[in-house]
Amino acid sequence: MKLDLSEFAKPCACGREHAISVKEIILEAGALRRIPALLEQYGYRQPVVLCDENTLEAAGRAVRGLLPESGLIVLNPENLHANEHGVTMAEEGLAACPAPDVLLAVGSGTVHDITRYIAHKRGLPFVSVPTAASVDGFVSTVAAMTWHGCKKTFPAVAPSLVVADTDVFSRAPQRLNASGFSDLLGKYTALADWKIARAVTGEYLCDRVCALEYDALRIVCAQPEAIRAGGAEACEQLMYALLLSGLAMQMVGNSRPASGAEHHMSHLWEMEAINGRVDYYHGEKVSVGLVLASGVYHRAAEEIRKGAFTLREGMDIETALLEKSFPDKAMLAEILDENDPNPLAGVTPDAIRRALPDILRAVDEIPSPQELTDLLTRAGAVKSLAEIGLPDAMLAPAARLSPYVRARLTFMRLLKLFDFARDIYSL
Ligand SMILES: [Zn+2]
Ligand SMILES: [Zn+2]
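Here goes a summary of the coordinates provided. (Residues numbered from 1 in each chain as written. Chains lettered and ligands numbered in written order. Predicted model: local features only at pLDDT ≥ 70, side-chain atom pairs only at ≥ 80, totals over all residues. Heavy atoms only, no water.)

**Considering the coordination of the zinc ion (ligand 1)**
Reference values for coordination geometry: four tetrahedral donors around a metal ideally subtend 109.5 degrees, six octahedral donors ideally subtend 90 or 180 degrees.
1) Next: Ligation of the zinc ion (ligand 1) by protein atoms is provided by C12 (SG), C14 (SG), H18 (NE2) and C206 (SG), these donors lying 2.1 to 2.3 Å from the ion.
2) Next: Every donor counted, the four donor atoms about the zinc ion (ligand 1) form angles of 103 to 117° at the centre, which fits tetrahedral coordination.
3) Next: Expressed as a motif, the donor residue spacing for the zinc ion (ligand 1) is C-x1-C-x3-H-x187-C. Here C12, found in the segment before β1 (24-28), pairs with C206, found in the loop between α7 (187-201) and α8 (207-221); they are 194 residues apart in sequence, far enough to count as distant. As far as burial versus exposure is concerned, C12 and C206 are alike and both buried. (Donors = N, O, S within 2.8 Å, 3.2 Å for Na, K, Ca; no water. Tetrahedral: all angles 85-135°; square planar, octahedral: opposite > 155°, others 65-115°. Helix = DSSP H or I, 4+ residues; strand = E, 2+ residues; numbered from the N terminus. Buried < 20%, exposed > 50% of the residue type's maximum accessible area, 1.4 Å probe, protein only.)

Here it is as structure tokens:
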């Protein structure tokens, strides 16, 4: 399957000329075998392969066999995360290798984020070799890292090449590909959040980018059972959809099209401020965030349709709540910094009332929690708090706190101005 990247980078009705920094994406069975010729074609002579012990078996060894002169860094997968420890381990490995002119990330999300971060820091290009269709961030321009306990996105480089071998990622553990399915399904709430922000504040939005994400959603929603079964064709389609979503992010230069309230919940749990360890895959946390956010959004839409509500005249940051919820001083400082300026500043009741028809339309496009649960079940993905080790009572704190982890207006954030919001969370 060839992705024609010139299709993405062309002048657009939104007024922007979208830039795509990936030069080539190879998505097919046996793609690994093309790596030596590709590196040669792009003038890369001294590659270093970065993987962990699992992805070494899945593809790293095969890549190394094709590039016998390359450096090799194998990270210990135990407790491996995209954080300062992961980066230090990789840097130590790199110090023992001959100076590279390109890095190859052979792995899933974590290996990619670590490689992407180091590549950016050292001004090196990197090649993405995904070993599972587990996230949509392979072609992302930012690295999602947990830095000293706080979830942050860092500017980083997008891969210059993607070599996605169907023979490799279709054999990934079912749980990983199910996570990819969930990460993609999260676009339902992410896109609604983007449309609602545009309706209320006039934030930039590109219809072509939205259409691309809906294409990706249609592709995976048509075949959840086949993705669960790990069929090569279905997994290739899932990878294609994830890459489309990544390209959508590249087109606008940030994660707006792909990350909304559902990702904010996932980020909140990863910070482990109001909960203990949540050692689950990115997509699994997004999955649960999606079902919860859909529930809140649909109940809010019902209340809006009843018409009997009042709106606050603006709202400050809930400082006391944040101080109580984030006792760690450094983490609290990050959160307060992220919320300055306050995304709700300047949002008037009038602006919200004018946007209500658009808000309701955007929420109507999100499947109900029941429909989402059904799709997720068919794909073998997780969907409940209990499945990621969190209590049912997590809904209310997650709904209240998660909007603060990112300076991004979502419907979840906007709901703070509606008088019925608290009743909805505590249902
Ligand atoms: Zn556009
Ligand atoms: Zn994601």
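**Things to note about the packing of aromatic side chains**
1) Next: Throughout the structure, instances matching the rule amount to seven aromatic pairs.
2) Next: Residues Y117 and F154 carry aromatic rings whose centres are separated by 5.4 Å and whose planes lie at 80° to one another, so their mutual orientation is edge-to-face. You can see Y117 sitting in helix α4 (residues 109-122) and its partner F154 sitting in strand β7 (residues 150-155), a full 37 residues away along the chain.
3) Next: Judged by its relative accessible area of 13%, Y117 falls in the buried class.
4) Next: A ring pair is formed by F309 and F418, whose centres lie 5.4 Å apart and whose planes are at 40°; its orientation type is tilted. Linking F309 in the loop between α12 (282-306) and α13 (319-325) with F418 in the loop between α18 (411-414) and α19 (421-425), this pair joins segments that are 109 residues apart in sequence. Like F309, the residue F418 is buried in the burial classification.
5) Next: Within the aromatic cluster, the residues linked to one another by ring pairs are Y117, W147 and F154.
6) Next: Stacked on the ring of Y204, the Lys or Arg R16 has its end atom at 3.5 Å from the ring centre. (Phe/Tyr/Trp six-rings, centres within 6.5 Å; stacked < 30°, edge-to-face > 60°. Lys NZ or Arg CZ within 6 Å of the ring centre and 35° of its normal.)

**Considering the coordination of the zinc ion (ligand 2)**
1) Next: In this structure, D183 (OD), H263 (NE2) and H282 (NE2) serve as the protein donors to the zinc ion (ligand 2), at separations of 2.1 Å.
2) Next: Every donor residue of the zinc ion (ligand 2) comes from the same chain, spaced as D-x79-H-x18-H. In this pair, D183 sits in helix α6 (residues 174-185) while H282 sits in helix α12, placing the two residues 99 residues apart along the sequence.
3) Next: Assessed through its relative accessible area of 23%, H282 is described here as partly exposed.

**Quick word on the sheet that holds β1**
1) Next: Reading across from one edge, β1-β8-β5-β4-β2-β3 is the order of the six strands in this open sheet, with parallel pairing throughout. Each edge of the open sheet carries a strand with a single partner, namely β1 and β3 (71-75). Taken over all neighbouring pairs, the strand axes of this sheet differ in orientation by 15° on average, direction set aside.
2) Next: Docked against the sheet, helix α2 (residues 53-66) engages β2 (47-52), β3 and β4 (102-107), running at close to 155° with respect to β2.
3) Next: Where helix α3 (residues 84-95) meets the sheet, its contacts fall on β2, β3 and β4, and the angle it forms with β3 comes to roughly 155°. (Pairing = 2+ DSSP bridges. Axes fitted to C-alpha atoms, helices over the stretch in contact; angles between N-to-C directions. Contact = heavy atoms within 4.5 Å.)

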